[in-house]
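# Survey of secondary and tertiary structure
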Amino acid sequence: MSIEKIYERIETRAAESAGEIVAEAGREAARIRDEYARRSAELGESLRAYAEKKAGEAGRRLVVSEQLELKKALLKKKREILAGIYEDARKSIEGLGDEESAGIIRDMILDNAVTGREKIVVSQRQSRIFDGKFLDSLNAGFKGGGSFTLSEEKGRFAWGVVLKEGRRVVDLSLDVVFEQLREKAEPRIAALLFPETERE
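The paragraphs below set out a description of the structure included in this document. (Residues numbered from 1 in each chain as written. Predicted model: local features only at pLDDT ≥ 70, side-chain atom pairs only at ≥ 80, totals over all residues. Heavy atoms only, no water.)

## Concerning the overall build of the protein
Heads up, the rule is: Only runs of H or I of at least four residues qualify as helices and only runs of E of at least two qualify as strands under DSSP, and these elements are numbered from the N terminus. Accessible area is worked out with a 1.4 Å probe on protein chains only. A residue is then buried under 20% of its type maximum, exposed over 50%, and partly exposed in between. Here, two residues are considered to be in contact whenever any of their heavy atoms come within 4.5 Å of each other.
Along the backbone of the protein there are seven helices and four strands. Sequence-ordered secondary structure for the protein, helices as α and strands as β, is α-α-α-α-β-α-β-β-β-α-α. Expressed as a percentage of its 200 residues, the buried residues of the protein come to 38%. Expressed as a percentage of contacts within the protein between residues at least 6 apart in sequence, the contacts between residues at least 24 apart total 80%.

Okay, here's the thing in structure tokens:
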């Protein structure tokens, strides 16, 4: 459930919180789509005619090559826009207050812990969150009672935790969680910003 909260926040940043980015992204996407349509039409009227009359197969290859270049340009811009959305969403998560971060991370641990005896590697930046009160709540929340402990090791990540027990490692740092959620969120966000091209 907690990871779903991060997923929802990514979508929220894309659809609402990042209003200016989304608006600009939409305008830029529309501009590229319009340019693509205009240049494709020009190709259809001029280069294709030239290909048929003068250059035969070589000319037709020129038309196809130009169309591919236009599609590459659109794809590159889409990636740039999506990267901006994700970066903005990351910053919003990293900027959460201690109480909200602690609540989300607690739920993530409870969702992903196996035995309840894992050691918790926390980031140096967030170490103040993980006090005795946090551990008491965490251990009480684990089914059957947990005995989580904090590792003396500090992680080099900015947000989240890593669970360790023996050889088993569960990485719940923001980088790893975000990459997993990106695969899930990207089709929906891309469809939001590029509805016409997503149907091609």
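## Some details on the sheet that holds strand β1 (residues 119-123)
What counts is decided by this rule: For two strands to be treated as a pair, DSSP must find at least two bridges joining them. To define axes, lines are fitted to C-alpha atoms, for helices over the stretch in contact only, and angles between the resulting N-to-C directions are given on a 0 to 180 degree scale.
Spatially, four strands are ordered β2-β1-β3-β4 in an open sheet, and the strand pairing comes out mixed. At either margin of the open sheet sits one strand with a lone partner, and together these are β2 (149-155) and β4 (168-173). The sheet shows a mean angle of 25° between the axes of neighbouring strands, direction not considered. Bridge analysis of strand β3 (residues 160-165) against β4 gives six bridges, and the strand direction is antiparallel. Residue pairing in the sheet places Gly160 in a bridge with Ser173 of β4. On top of the sheet, helix α4 (residues 98-112) reaches β1, β3 and β4; it is set at about 30° to β3, its chief contact.

## Some remarks on the packing of aromatic side chains
Stated formally: Here a Phe, Tyr or Trp ring, Trp counted by its six-membered ring, pairs with any other such ring whose centre lies within 6.5 Å, and the pair is stacked when the planes are under 30 degrees apart, edge-to-face when over 60, and tilted otherwise. Think of it as a cone above the ring: NZ of Lys or CZ of Arg counts as a charge over the ring if it is within 6 Å of the ring centre and within 35 degrees of the ring normal.
Counting across every chain of the model gives two aromatic pairs. Consider the rings of Phe142 and Phe148, whose centres lie 5.6 Å apart with planes at 85°: the pair is edge-to-face. A relative accessible area of 3% places Phe148 in the buried class. Stacked on the ring of Phe178, the Lys or Arg Arg90 has its end atom at 5.5 Å from the ring centre.

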